[in-house]
Amino acid sequence: MNLRLAGARFKNAPTAAALALAAAAMLVPANLLPVLTTETYGQSRSDTIFSGAVELWRQGLWPIALIVLTASMLIPVLKLVGLGLLLLGARRGASSDSRRLTRVYVALDFIGRWSMLDVFLAAFLAGLIRFGELSTVVPRSGIVAFASAVVLTVLATQAFDPRSLWRAAPSSSS
Amino acid sequence: MGLNAPLICHLCGQEHRAIRLEPGEKALCVRCDAVLAQGVRARSHTALVFAITGLALAWPAALLPFVSAGKFGAERISLLFTGVRILWNSGMRALAVLVLLCGGLLPLAYLVILAVLHAPTRLDRQKSCFRLLVRSANGLEHWAIPEVQVLAVLVAMIKLGSIVNVAIGSGFWCYCAMVFSLLIAQHTSRFNPTVPLSAAGATGAAVPL
Ligand SMILES: [Zn+2]
């Protein structure tokens, strides 16, 4: 079979698994460390991804809180669970689940980008809110860990070869 | 290339024989339903027009005021990459580069590649530079994500609304228009990233081999 696909050489399950594990490890500091510190009149408040979203909820901005929670917590976790399912499916090879798992792969490939939301948000706030003593937003190390986790999950999805879900499957013919 | 080359599904590896498609028609993989090819009007310039429009909008988007914030008489205007500069200066250089790439440079590179691929003087499809461009476009699709930056700015505006006076600048509108142009160029491209390289540019598509 002629498989002239971009980067096909770098697509393999062990690489995808290693990248997914690294991403899972980075999600721990990403969620425990503060991502932003807001300094207002000498008072300082540091927020993790979760506490930032909870604060938005408390202010009544629950649609925004839901968007942040989905992009920053739900999507990374869904991506890792999905990748785990795909890697298990790839070990098994072609089965009645291959079609469904291929759809999971397409969905993961699409949703992954949206978890970059918090990274752009931190960069934007840090650039805009700089009023010295009055109010300043400072990015913290949690956002670096979070960005690493997001990049690793995107790389893990790219390293996964969806054709491995169909290996040894008989070719359909009409 | 064209109708003689087999179409290989990029998701499941199933090979298909190419057939000619009418504009608007889609060929799906018999095994996994992935879109293998789309029929496009041979002389359609939509992708080229929107790619060039996007490129033209990128400059005002980067140079004009993006968003301004005011508090107790103090006003601060930020440009598209002010946040990148702040991240860089606070020692988070890798993060600054990531934001600069995903929100600025890679979308720009993607627009340039789409414009070159759809330019009236067609590149020879057998040449390695053509294949490299199609491959680059496919790779960039994952990393050029300006639409996520637009959502982030909107979220920030709502978040800040109760604390400071925020106003959207013309740079942000240009950036939104650039993102819109990029999405249209991407979706009307004859070199859609979902179509495998072996079929890129073919107006034909699929019956299983
Ligand atoms: Zn397929």
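Here, every reference points to the structure presented above.
Residues numbered from 1 in each chain as written. Chains lettered and ligands numbered in written order. Predicted model: local features only at pLDDT ≥ 70, side-chain atom pairs only at ≥ 80, totals over all residues. Heavy atoms only, no water.

**Overview of the overall build of chain A**
In terms of regular secondary structure, chain A is built from six helices and three strands. Projecting the C-alpha coordinates of chain A onto the three principal axes gives extents of approximately 70 × 30 × 25 Å. For chain A, with 174 residues in total, the buried portion stands at 47%. Taking contacts inside chain A between residues at least 6 apart in sequence as the whole, the part at least 24 apart equals 73%. Within the structure as shown, chain A displays about 8,200 Å² of accessible surface, and the carbon and sulfur contribution to it stands at 65%. (Helix = DSSP H or I, 4+ residues; strand = E, 2+ residues; numbered from the N terminus. Buried < 20%, exposed > 50% of the residue type's maximum accessible area, 1.4 Å probe, protein only. Contact = heavy atoms within 4.5 Å. Areas by Shrake-Rupley, 256 points an atom, 1.4 Å probe, with all protein chains shown as cover.)

**Here's the deal with the overall build of chain B**
Assigned secondary structure in chain B consists of six helices and eight strands. Shown N-terminal to C-terminal, the secondary structure of chain B runs as helices and strands in the order β-β-β-β-α-β-β-α-α-α-α-β-α-β. A burial count over chain B gives 54% of its 209 residues as buried. Here the contacts in chain B between residues at least 6 apart in sequence split such that 65% fall between residues at least 24 apart. With the model as given, the accessible surface of chain B reaches about 9,000 Å², and the carbon-plus-sulfur share is 64%.

**Side note on the packing of helix α3 (residues 62-92) of chain A against helix α4 (residues 98-111) of chain A**
Residues and elements named next belong to chain A. Between α3 and α4, whose axes approach to 10 Å, the crossing angle comes to 145°. Once α3 is placed against α4, the crossing between them reads as left-handed. Residues Ile75, Leu78, Lys79, Gly82, Leu83, Leu85, Leu86, Gly89 and Arg92 of α3 form the contact with α4, whose participating residues are Leu101, Val104, Tyr105, Leu108 and Ile111. The residue makeup of the contact of α3 with α4, split by class, is 10 nonpolar, two polar and two charged. (Axes fitted to C-alpha atoms, helices over the stretch in contact; angles between N-to-C directions. Left-handed = near helix turned anticlockwise from the far one by under 90°. Nonpolar A, V, L, I, M, F, W, Y, C, P; charged D, E, K, R; others polar.)

**Notes on the sheet that holds strand β5 (residues 67-71) of chain B**
All names here are of chain B. Spatial strand order, β6-β5-β7: three strands in an open sheet with antiparallel pairing. Pairing within the sheet leaves two strands with one partner each, and these edge strands are β6 (74-78) and β7 (165-168). Taken pair by pair, the neighbouring strands of this sheet meet at an average axis angle of 15°, ignoring direction. Both β5 and β6 contribute to a ladder of five bridges, which runs antiparallel. Each residue of the ladder has a partner; that of alanine 69, found in β6, is arginine 76. (Pairing = 2+ DSSP bridges.)

**Quick notes on the packing of helix α5 (residues 117-128) of chain A against helix α6 (residues 141-159) of chain A**
Residue and element names in this part refer to chain A. Direction vectors running N to C along α5 and α6 enclose 145°, while the axes themselves pass 9 Å from each other. Viewed along their axes, α5 and α6 form a crossing whose handedness is left-handed. Counting all contacts with α5, which are made through Asp118, Val119 and Ala122, the residues of α6 involved are Ile143, Phe146 and Ala147. Residue classes in the contact of α5 with α6 are distributed as five nonpolar, no polar and one charged.

**Re the interface of chain B and chain A**
On the side of chain A, 55 residues touch chain B, which itself brings 60 residues to the contact. Buried area between chain B and chain A, summed over both chains or domains, comes out near 5,100 Å², and the portion from carbon and sulfur atoms is 73%. Where chain B packs against chain A, one counts four salt bridges. Measuring nitrogen to oxygen at the nearest pair gives 3.8 Å for the salt bridge that ties B:Glu141 to A:Arg113. Applying the counting criterion to the chain B and chain A interface returns 11 residue pairs in polar contact (both at pLDDT 80 or more). Counting residues per element, the ones that place at least two in the side of chain B that touches chain A are β5, β6, α2 (82-89), α3 (93-117), α4 (128-143) and α5 (146-160) of chain B. The leading source of residues in the side of chain B that touches chain A is α5(B), at 11 residues. Looking at side-chain class alone, the side of chain B that touches chain A contains 35 nonpolar, 14 polar and 11 charged residues. (Buried area = accessible area lost by both parts, 1.4 Å probe. Salt bridge = Lys/Arg side-chain N within 4 Å of Asp/Glu carboxyl O. Polar contact = N/O pair within 3.5 Å; in protein donor to acceptor, adjacent residues only side chain to side chain.)

**Let's talk about the state of the cysteines**
Residues and elements named next belong to chain B. Under the criterion given, the structure shown has zero disulfides over all chains. The thiol of cysteine 176 is not disulfide-bonded; the next cysteine sulfur, from cysteine 174, is found 9.3 Å away. Overall, the relative accessible area of 22% leaves cysteine 176 in the partly exposed class. (Disulfide = S-S within 2.5 Å.)

**A short note on a nonpolar patch on the surface**
Residue and element names in this part refer to chain B. Taken together, Trp88, Val97, Leu101 and Leu105 make up a surface patch of nonpolar side chains, about 320 Å² in accessible area. By residue number, the principal contributor to the nonpolar patch is α3, which donates three residues. With respect to the element layout, tryptophan 88 can be found in helix α2. (Patch = residues over 30% accessible without salt bridge, like charges linked within 9 Å, V, L, I, M, F, W, Y side chains within 5 Å.)

No statement about biological role is implied by the geometric values presented.
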